[in-house]
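# An overview of the molecular structure
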Amino acid sequence: MRKKIPALAVAGGAALALTAPLATTAQAAPASSITRTSACAKFTGDYTYWSDGNGWYSYSLTGHVTRTCSGSGWHQLVVTGDGKDIGSYRRTCSDLLSKGESMSISAQDSSVKNIRIALYDL
């Protein structure tokens, strides 16, 4: 299936789980708008998932992280969960941003479940 997530690094934030409910069809759930905040950044975007019919899911995540504090600093968006073939699943995207500057996020993957998305300041 599809895989694309840029690498990134961040520290100090809260993870909120976006756990896919049980489903028996391969039909995609409607896109959900999501927001994650850290002390100095904000992620806004859209999250969609769909089942493979066997208890595993594919997902798509798009959006952007914007620095909200003065100066510059590193920020990281982290996607974690369970992977069908690899056990623990983790993808990250990070960048050094100045106040008001943004980085775009585009991530997709398959054969995952119990997805959690968190934003950190490094």
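This is a predicted model, so every value here is computed, not measured.

## Some words on the overall build of the chain
Helix and strand content of the chain: zero helices and seven strands. When its helices and strands are written in sequence order, the chain yields β-β-β-β-β-β-β. For the chain, buried positions account for 44% of its 122 residues. Counted over contacts in the chain with a minimum sequence separation of 6, partners at least 24 positions apart contribute 68%. For the chain, the accessible area works out to roughly 6200 Å², and carbon and sulfur atoms hold 51% of it.

## Re the state of the cysteines
On inspection of all chains with the given rule, the structure shows one disulfide. Disulfide pairing is shown between Cys-40 and Cys-69; the S-S distance is 2.1 Å. Since a negative S-S torsion denotes a left-handed disulfide, the Cys-40-Cys-69 link at about -85° is left-handed. A residue pair is termed long-range when its members are at least 10 positions apart, and Cys-40 in the loop between β2 (32–37) and β3 (41–51) and Cys-69 in the loop between β4 (57–67) and β5 (72–83) qualify at 29 residues.

## Points about unusual backbone geometry
Even without being glycine, Ser-111 reaches a positive phi, approximately 55°. Within the chain, Asn-114 stands out as a residue other than glycine whose phi angle is a positive 55°. Its location among the elements puts Asn-114 in strand β7 (residues 102–121).

## Brief notes about a nonpolar patch on the surface
Residues Trp-74, Leu-96 and Leu-122 make up a contiguous nonpolar surface patch of about 300 Å² in total accessible area. With respect to the secondary-structure elements, Trp-74 resides in strand β5. With relative accessibility at 41%, the residue Trp-74 sits in the partly exposed group.

Cut-offs and rules
Residues numbered from 1 in each chain as written. Predicted model: local features only at pLDDT ≥ 70, side-chain atom pairs only at ≥ 80, totals over all residues. Heavy atoms only, no water. Helix = DSSP H or I, 4+ residues; strand = E, 2+ residues; numbered from the N terminus. Buried < 20%, exposed > 50% of the residue type's maximum accessible area, 1.4 Å probe, protein only. Contact = heavy atoms within 4.5 Å. Areas by Shrake-Rupley, 256 points an atom, 1.4 Å probe, with all protein chains shown as cover. Disulfide = S-S within 2.5 Å. Patch = residues over 30% accessible without salt bridge, like charges linked within 9 Å, V, L, I, M, F, W, Y side chains within 5 Å. Salt bridge = Lys/Arg side-chain N within 4 Å of Asp/Glu carboxyl O.

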